[in-house]
Amino acid sequence: MTNLVVFLGPPGAGKGTQALRISSEFNLAHISTGDMLREHVKELTDLGKIAKSLLDEGKLVPDDLVIQMLTERLSHEDCLGGSILDGFPRTLRQAESLEKISNKFPVKKVIVLEAHQEELTKRILSRGQTSGRSDDTGDSIRVRLEVYKKDTEPLIKFYEDKGILTKINGVGNVDDIYELISKEF
Ligand code: ADP
């Protein structure tokens, strides 16, 4: 496992869209913990049964469960050439665990996609009309933005202190934002 790159940013900032493009362009595994959890919910696994109501309410799934899921995922062969983490870590505890999981190949770079609250709410509401995601609705969006501020935003300082963080304005043309991000690779 080499070249871990973390995509950080609030819900609706465009992490998933950009991470997918970058991963195919640079031949990296795209690991979205949100997608993985939604798959568990769909498949009615034990984890999916625990995660369902938390996802619907916009709350985080407990650290231990997500860390275990991610550790297993990173052991797959497709991660050998490097991976983009989209939606992980989301708490300081997850970030600290990631250091242990990937001690030989630490996180190389962290890209933070930034956007203001009104833009995020607007985007998620409009995505909700086609995404079919049960958490793309008013109450859940509010909770997700609050959880981001409280639990995830402190990670910006955590990675800034390590000197590996780059902030990118996530508001604007998707292709222009992609160009800015790809310069970092
Ligand atoms: P968004 O960034 O739009 O909120 P995600 O697909 O990244 O969408 O996440 C959807 C939901 O999945 C989160 O609200 C949370 O419930 C759960 N989730 C995803 N990643 C994590 C994580 N690292 N830790 C805890 N919960 C997570």
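All values reported here derive from a predicted model rather than from experimental measurement.

Participant: Please provide a residue-by-residue account of the overall build of the protein, values included.
Facilitator: Along the backbone of the protein there are 9 helices and 5 strands. For the protein, the α and β elements follow one another from N to C terminus as β-α-β-α-α-α-β-α-β-α-α-α-β-α. The C-alpha radius of gyration of the protein comes to 16 Å, within 12% of the 16 Å expected for a compact globule of 185 residues. Summarising its shape, the C-alpha atoms of the protein cover approximately 40 × 40 × 30 Å along the three principal directions. Among the 185 residues that make up the protein, the fraction classed as buried is 46%. Once local pairs closer than 6 in sequence are excluded, the contacts in the protein between residues at least 24 apart make up 76%. Surface summary for the protein: the accessible area is close to 9700 Å², and the carbon and sulfur share equals 52%. Separation between the mean location of the 26 positive side-chain charges and that of the 30 negative ones in the protein comes to 1 Å.

Participant: Give me the side chain of Ser-140: which residues, what numbers.
Facilitator: With respect to the secondary-structure elements, Ser-140 resides in helix α7 (residues 138-152). Only 3.2 Å separates the side chain of Ser-140 from the backbone oxygen of Asp-135, close enough to count as a polar contact. Aside from chain neighbours lying at most four places away, what touches Ser-140 is Leu-55, Asp-56, Glu-57, Gly-58 and Asp-135.

Participant: Describe the site of the ligand, with residues and values.
Facilitator: Within the structure, the ligand sits among 19 residues, and Thr-33, Arg-38, Lys-59, Gln-94 and Arg-144 are positioned closest to it. Take Arg-38: an N or O atom from its side chain is 2.9 Å from an oxygen atom of the ligand. When the free accessible area of the ligand is taken as 550 Å², the share hidden by the protein chains comes to 96%. A molecule is said to occupy a pocket when more than half its atoms come within 2 Å of that pocket's grid points, and by this definition the ligand occupies the largest pocket. No other element matches the 4 residues that helix α2 (residues 33-43) contributes to the shell around the ligand. When its residues are assigned to classes, the shell around the ligand shows 7 nonpolar, 4 polar and 8 charged.

Rules used in this analysis
Residues numbered from 1 in each chain as written. Predicted model: local features only at pLDDT ≥ 70, side-chain atom pairs only at ≥ 80, totals over all residues. Heavy atoms only, no water. Helix = DSSP H or I, 4+ residues; strand = E, 2+ residues; numbered from the N terminus. Rg over C-alpha atoms; globule rule 2.2 N^0.38 Å. Buried < 20%, exposed > 50% of the residue type's maximum accessible area, 1.4 Å probe, protein only. Contact = heavy atoms within 4.5 Å. Areas by Shrake-Rupley, 256 points an atom, 1.4 Å probe, with all protein chains shown as cover. Lys, Arg positive; Asp, Glu negative; His and termini not counted. Charge placed at Lys NZ, Arg CZ, Asp CG, Glu CD. Polar contact = N/O pair within 3.5 Å; in protein donor to acceptor, adjacent residues only side chain to side chain. Near = heavy atom within 4 Å. 1 Å grid on protein atoms, 1.4 Å probe; cavity = no way out; pocket = protein on both sides within 12 Å on 5 of 7 lines; lining within 4 Å. Sits in = over half its atoms within 2 Å of the grid points. Nonpolar A, V, L, I, M, F, W, Y, C, P; charged D, E, K, R; others polar.

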